[in-house]
Amino acid sequence: MKKTVFRLATAFFACSFFMGMAQTKSLKTNMLISEKPFGTTPSNEAVTLYTLKNTQGMEVQIMNYGAIITKIIVPDKNEVMEDVVLGFDQVDDYIKDSPYFGAVVGRYGNRIAAGKFSLDGKNYTLAAQNNGQHLHGGLKGFDKKVWRTVSKNGASLTLAYLSKDGEEGFPGNLEVQVTYTLGDDNALSMDYVAKTDQSTVLNICNHSYFNLSGNVKRDVLDHKIQLNAPFFIPIDKVLIPTGEIKAVKGGPFDFTSAKKIGLDINAQDEQITLGGGYDHCYAFDKAPGAYGKIARVEDPTSGRVMEVFTTEPGVQFYTGNNLDGHLVGKYGAVYNKRTGFCLETQHYPDSPNKPNFPSTVLRPGETYTSKTVYQFSVQ
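What counts as what
- Residues numbered from 1 in each chain as written.
- Predicted model: local features only at pLDDT ≥ 70, side-chain atom pairs only at ≥ 80, totals over all residues.
- Heavy atoms only, no water.
- Helix = DSSP H or I, 4+ residues; strand = E, 2+ residues; numbered from the N terminus.
- Rg over C-alpha atoms; globule rule 2.2 N^0.38 Å.
- Buried < 20%, exposed > 50% of the residue type's maximum accessible area, 1.4 Å probe, protein only.
- Contact = heavy atoms within 4.5 Å.
- Areas by Shrake-Rupley, 256 points an atom, 1.4 Å probe, with all protein chains shown as cover.
- Lys, Arg positive; Asp, Glu negative; His and termini not counted.
- Charge placed at Lys NZ, Arg CZ, Asp CG, Glu CD.
- Pairing = 2+ DSSP bridges.
- Axes fitted to C-alpha atoms, helices over the stretch in contact; angles between N-to-C directions.
- Salt bridge = Lys/Arg side-chain N within 4 Å of Asp/Glu carboxyl O.
- Polar contact = N/O pair within 3.5 Å; in protein donor to acceptor, adjacent residues only side chain to side chain.
- Core = buried A, V, L, I, M, F, W, Y, C linked by side-chain atoms within 4.5 Å.
- 1 Å grid on protein atoms, 1.4 Å probe; cavity = no way out; pocket = protein on both sides within 12 Å on 5 of 7 lines; lining within 4 Å.
- Points joined across faces, edges and corners; volume = space filled by probe spheres on them.
- Nonpolar A, V, L, I, M, F, W, Y, C, P; charged D, E, K, R; others polar.
- Phe/Tyr/Trp six-rings, centres within 6.5 Å; stacked < 30°, edge-to-face > 60°.
- Lys NZ or Arg CZ within 6 Å of the ring centre and 35° of its normal.

### Digging into the overall build of the chain
Move 1: Within the chain, the regular secondary structure consists of three helices and 27 strands.
Move 2: Relative to its length of 379 residues, the chain is compact, with a C-alpha radius of gyration of 20 Å against a globular reference of 21 Å.
Move 3: Expressed as a percentage of its 379 residues, the buried residues of the chain come to 56%.
Move 4: The long-range fraction of contacts in the chain, counting pairs at least 24 apart against all pairs at least 6 apart in sequence, stands at 67%.
Move 5: Carbon and sulfur atoms provide 51% of the accessible area of the chain, an area that totals close to 15700 Å².
Move 6: Taking the average place of the 39 positive charges on the side chains of the chain and the average place of its 39 negative ones, the gap between the two points comes to 3 Å.

Encoded structure:
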């Protein structure tokens, strides 16, 4: 009887949540979303691959396994269309061994120290699967789940997932959705919404690895990046924040003016050594929840430019330090060290254990919202 009541309660929770959300979707467009089967999971769940294409020829492919972005195809300065994200051609490869390529990660993107936190006087223990720390939602986080398809209205694809109370150690039944929208301005927007029936912690982000050279022809060390972030979050030897928020000015972490990713990536600096390069959260100087441009990346050879906008207070800048060549992806590309970079818009790592960081607590009756946009152009 208890299991039946639980199923009815969670079904009602999901249904009522999306009935409310459906009223907000009214975008008119001539664009179409196509779809095709993309294999099955080991538990025989069907995986579907969706393709969004705008009138400029830009194409984005997303599958409902992990809400993963598998391709982003954009033009270079000579109008050559190529893929600018790392990934695989088959769902089996994502399931077998993927460093979160293109995935939505959660409940908690990034790290929680020792996999432990307290909330409202109660202690919670999570998987500590990454050097003794909790990372990206645990052993089977959002990136390893088949999401439900809620709507596909031409320009937008909405996927949803119900994370049940106790999943991976987190409290509360959490209903989360992500809407991918491709605009004719070559902007891909990701809008996240979530609700919970118990107080919990939440930090969702997309974990795409970018390489603007196209089809991974070169590494990313010559890419130029500008981050509108005057601060970064120092880490300890297990990559957990020390609690300090440090100014970047004048050091190897200063990207307030555009510079090559590779310029200071091997600097004699303790934080560079600890991260094996850049694997740090940058903190913005903007009002909580304010939407704005936080990054611009350019590949001088191809002329491709990516600008990033978000409502989040931080971004994890990761330079593919742990890619070691054992993965072979699309186009036969070998994913060696520094063949991709990530800009994971998010709250700060280990916020549940750092009272001075912006809160990641979500309570019943509240609605979690977050927006990130990747906009592509040429220089």
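### Re the sheet that holds strand β2 (residues 46-53)
Move 1: Strand order across the open sheet formed by five strands is β1-β2-β3-β4-β5, with antiparallel pairing between neighbours. This sheet does not close on itself; its edge strands, each paired only once, are β1 (33-40) and β5 (81-83). Along the sheet, successive strands turn relative to each other by an average axial angle of 20°, direction set aside.
Move 2: Sheet topology note: the β1/β2 ladder contains six bridges and is antiparallel. Residue pairing across strands places Lys36 opposite Leu49, the latter belonging to β2.

### A short note on the pattern of salt bridges
Opposite charge on two side chains permits pairing when their charged atoms draw close.
Move 1: Overall, the coordinates contain 15 salt bridges when judged by the stated rule.
Move 2: Ionic pairing is found between Lys152 and Glu35, a salt bridge with its closest N-O pair at 3.3 Å. In this pair, Lys152 sits in strand β11 (residues 148-152) while Glu35 sits in strand β1, placing the two residues 117 residues apart along the sequence.
Move 3: Residue Lys152 is classed as partly exposed on the basis of its relative accessible area, which comes to 42%.

### With respect to unusual backbone geometry
Trans is the prevailing form of peptide bonds, just as negative phi is the prevailing case for residues other than glycine.
Move 1: With an omega of 5°, the peptide bond running from Gly106 to Arg107 counts as cis.
Move 2: Within the secondary structure layout, Arg107 lies in the loop between β6 (104-105) and β7 (111-112).
Move 3: With phi around 55°, Asp120 is a residue other than glycine that occupies positive phi space.
Move 4: Overall, the relative accessible area of 57% leaves Asp120 in the exposed class.
Move 5: One non-glycine residue, Asn186, lies in positive phi territory at about 60°.
Move 6: Here Asn186 shows up in the loop between β13 (174-182) and β14 (187-196).

### Here we look at the sheet that holds strand β18 (residues 231-232)
Move 1: Across the sheet, five strands lie side by side as β19-β18-β21-β24-β25; this open sheet has antiparallel pairing. Only two strands of the sheet have a single partner each, and these edge strands are β19 (246-247) and β25 (342-346).
Move 2: In this sheet, strand β24 (residues 314-318) lies alongside strand β21 (residues 279-283) in antiparallel orientation, the contact comprising five bridges. Its bridge partner lying in β24, His280 is registered against Phe317.

### So, the side chain of Asn211
Move 1: Position of Asn211 relative to the elements: it lies in the loop between β16 (205-206) and β17 (224-227).
Move 2: Polar side-chain contacts of Asn211 include one of 2.6 Å to the side chain of Ser213.

### Some details on the nonpolar core
Move 1: Membership of the largest hydrophobic core comes to 58 residues, with the highest contact counts inside it found for Ile72, Tyr180, Tyr282, Phe317, Leu343 and Phe376.
Move 2: Of all the elements, β13 adds the most residues to this core, at five residues.

### Side note on the layout of surface pockets
Move 1: In this structure, the largest pocket spans a volume of roughly 440 Å³.
Move 2: If you trace the largest pocket, you find 24 residues lining it, with Pro99, Tyr100, Tyr209, Tyr318 and Asn322 closest to the centre.
Move 3: A breakdown of the residues in the lining of the largest pocket according to their chemical character gives nine nonpolar, 10 polar and five charged.

### Let's talk about the pairing of strand β4 (residues 68-75)
Move 1: Burial runs high along β4: six of the eight residues are buried.
Move 2: Taking the residues that link successive antiparallel strands as the turn, the strand β3 (residues 59-63)-β4 hairpin has four residues, and the phi of Gly66 there is positive, at about 70°.
Move 3: Bridge count for β4 against β5 is three bridges, and the pairing is antiparallel. Bridged to Ile73 within β5 is Asp83.
Move 4: Between β4 and β5, which pair antiparallel in sequence order, lie five residues; one of them, Glu79, sits at a positive phi of approximately 65°.

### Description of the packing of aromatic side chains
Move 1: This model, assessed by the stated rule, comprises 23 aromatic pairs.
Move 2: When the ring of Tyr209 is compared with that of Tyr318, the centres are 6.1 Å apart and the planes differ by 80°; the resulting orientation is edge-to-face. Of the two residues, Tyr209 sits in the loop between β16 and β17 while Tyr318 sits in strand β24, which places them 109 residues apart along the sequence.
Move 3: A relative accessible area of 3% means that Tyr209 is categorised as buried.
Move 4: Seen in terms of ring centroids, Phe255 and Tyr282 are 6.5 Å apart; in terms of plane orientation they differ by 70°. Their pairing is edge-to-face. You can see Phe255 sitting in the loop between β19 and β20 (259-260) and its partner Tyr282 sitting in strand β21, a full 27 residues away along the chain.
Move 5: For Phe255, a relative accessible area of 1% translates into the label buried.
Move 6: On the basis of relative accessibility, which here comes to 0%, the residue Tyr282 falls in the buried class.
Move 7: Taken together, the ring pairs connect Phe88, Tyr94, Phe101, Tyr209, Tyr318 and Tyr335 into an aromatic cluster.
Move 8: The ring of Phe255 has Lys259 sitting right over it, with the charged end atom 4.5 Å from the ring centre.

### Structural notes on the environment of Asn353
Move 1: Within the secondary structure layout, Asn353 lies in the loop between β25 and β26 (361-362).
Move 2: A residue is classified by how much of its surface remains accessible, and Asn353, at 30% relative accessible area, is partly exposed.
Move 3: Between the C-alpha atom of Asn353 and that of Ile235, which follows or precedes it by 118 residues, the distance is 14 Å.
Move 4: The contacts of Asn353, once residues within four sequence positions are left out, are Ile112, Ala113, Lys116 and Phe117.

Note that all results are geometric; they support no functional claim without further evidence.
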